[in-house]
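Reading the structure
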Amino acid sequence: MVRLDGVGLGYAGTPVLQGVSFGIAEGGFRWLLGPSGAGKTSLLRLLHLAVRPSAGRLELMGQDIGAARRTRLPLLRRRIGMVFQDFRLLPHLSAFDNVALPLRLAGRPEGQVRVDTLELLGWVGLSRKLLSRPAEMSGGEQQRVAIARAVVARPLLLLADEPTGNLDEVQAGRLMQLLHELNRLGTTVVVATHNDTLVARHPAHTLRLLDGHLVRDD
């Protein structure tokens, strides 16, 4: 599903990732760890195809991303779910319509859109917030909408950047149940976190970054 070979990434001539190499088989689960500034978000941006490597080779779903045509990338990105640290909900849409958006963009029948969207919003405990817009919700509620939006289309690859940062312990536990269920059904999952307690409770293979270098892969 994912393979990096000597991947580097830089912004304005400043390297943020250097010589990163690892692979994740289809259906794998990885914790992505490291202190602030280690390069976790930059690595997730690479895997979400927001940027291309400055050096090395990145393969995603069998595609060489460095050599792929630009028109090919949006099609691949539709198969990737992303939970952003800053939510990135559309402010003019309700919680329901934010979550439904990926399904509608994929051309799913509206009946299926409604069933799947209501199921996910119910799972994250927001059945009473269907019509609320982001400005009318707390940070934790917005986080849960962002999580539901990322997984509603059953992506092949799910990336999450600090997905429990605004959640209480109960909601964080429910999120992990959802991630494990998706992973059990075949979705490859990569979760960046600072939450050592969460990692200890849910042991899995770990990638650790330090100063843009991969220092642990086990």
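Here the structure is shown first, and the text comes after it.
So, here's what we can say about the structure. (Residues numbered from 1 in each chain as written. Predicted model: local features only at pLDDT ≥ 70, side-chain atom pairs only at ≥ 80, totals over all residues. Heavy atoms only, no water.)

**Quick word on helix 6 (residues 169-184)**
The terminal C-alpha atoms of helix 6, which comprises 16 residues, lie 22 Å apart, in line with the 22 Å expected from a rise of 1.5 Å per residue. Within the sequence span of helix 6, burial applies to Gln171, Ala172, Leu175, Met176, Leu178, Leu179, Leu182 and Asn183. Mapping the buried residues of helix 6 onto a view down its axis gives an arc of 160°, with all of them on the same face. Helix 6 presents Glu169, Val170 and Arg184 as exposed residues on the side facing more than 90 degrees away from its buried surface. Against the buried residues of helix 6 lie strand 3 (29-33), helix 4 (110-123), helix 5 (139-151), strand 7 (157-161), strand 8 (188-192) and helix 7 (196-201). For helix 6, the N-terminal capping position is held by aspartate 168, with its side-chain oxygen 3.2 Å away from the main-chain nitrogen of valine 170. (Helix = DSSP H or I, 4+ residues; strand = E, 2+ residues; numbered from the N terminus. Expected span 1.5 Å × (residues − 1). Buried < 20%, exposed > 50% of the residue type's maximum accessible area, 1.4 Å probe, protein only. Arc of directions from axis to C-beta. Contact = heavy atoms within 4.5 Å. Polar contact = N/O pair within 3.5 Å; in protein donor to acceptor, adjacent residues only side chain to side chain.)

**Notes on the pattern of salt bridges**
This model, assessed by the stated rule, comprises nine salt bridges. A salt bridge links glutamate 59 to arginine 57; the nearest nitrogen and oxygen atoms lie 2.7 Å apart. For glutamate 59, a relative accessible area of 26% corresponds to the partly exposed category. Overall, arginine 57 belongs to the partly exposed group, its relative accessible area being 38%. Here arginine 104 and aspartate 97 are joined by a salt bridge, their closest N and O atoms 2.8 Å apart. (Salt bridge = Lys/Arg side-chain N within 4 Å of Asp/Glu carboxyl O.)

**Thoughts on the sheet that holds strand 3**
Within the open sheet, the six strands sit side by side as 6-7-8-3-9-10. Their pairing is mixed. The two strands at the open ends of the sheet, each matched to only one other strand, are strand 6 (80-83) and strand 10 (213-217). Averaged over all pairs of adjacent strands, the angle between strand axes in this sheet comes to 15°, irrespective of strand direction. In this structure, strand 6 lies alongside strand 7, joined through four bridges in parallel fashion. (Pairing = 2+ DSSP bridges. Axes fitted to C-alpha atoms, helices over the stretch in contact; angles between N-to-C directions.)

**Regarding the pairing of strand 1 (residues 2-11)**
The pairing of strand 1 with strand 2 (residues 14-24) spans seven bridges and is antiparallel. Among the inter-strand pairings, valine 2 is bridged to a residue of strand 2, identified as isoleucine 24. The antiparallel hairpin formed by strand 1 and strand 2 contains two residues in its connecting segment, where alanine 12 sits at a positive phi of about 50°. Here strand 1 pairs with strand 4 (residues 55-60) via five bridges, running antiparallel.

**Some remarks on the side chain of threonine 206**
Secondary-structure assignment places threonine 206 in strand 9 (residues 205-210). A polar side-chain atom of threonine 206 sits 3.3 Å from the main-chain carbonyl oxygen of alanine 204. Once residues lying within four places of it in the same chain are set aside, the contact partners of threonine 206 are Arg30, Trp31, Leu33, Arg216, Asp217 and Asp218.

**Thoughts on the pairing of strand 9**
In this sheet, strand 9 lies alongside strand 3 in parallel orientation, the contact comprising four bridges. Note on strand 9: the bridge partner recorded for tryptophan 31 is threonine 206. The turn linking strand 9 back onto strand 10 is made up of two residues, and aspartate 211 within it adopts a positive phi angle of 55°.

**Let's talk about the sheet that holds strand 1**
With antiparallel pairing, the four strands of this open sheet are ordered in space as 2-1-4-5. Looking along the sheet, the strands with just one partner apiece sit at the ends: strand 2 and strand 5 (63-64). Of the pairings in the sheet, the one linking strand 4 to strand 5 comprises two bridges and is antiparallel in character. Pairing of glutamate 59 across the sheet is with aspartate 64, part of strand 5. Its contacts with the sheet place helix 1 (residues 40-47) against strand 1, strand 2 and strand 4, and it is angled at close to 120° to strand 1.

**Digging into the nonpolar core**
Core analysis: the biggest nonpolar cluster contains 36 residues, and Phe29, Trp31, Val145, Val151, Leu158, Leu179 and Val191 have the highest contact counts within it. Contributing elements (two or more residues each) for this core: strand 3, helix 3 (95-105), helix 4, helix 5, strand 7, helix 6, strand 8 and helix 7. Looking at which element gives the most residues to this core, the answer is helix 5, with six residues. Not counting residues up to four positions away in its chain, the partners in contact with leucine 158 are Gly81, Met82, Ala150, Val151, Leu179, Leu182, Thr187, Thr188, Val189 and Val190. Membership of the second largest hydrophobic core comes to 32 residues, among which are Leu4, Val7, Leu58 and Leu60. (Core = buried A, V, L, I, M, F, W, Y, C linked by side-chain atoms within 4.5 Å.)

In short, the description is geometric, and any link to function would need to be established separately.
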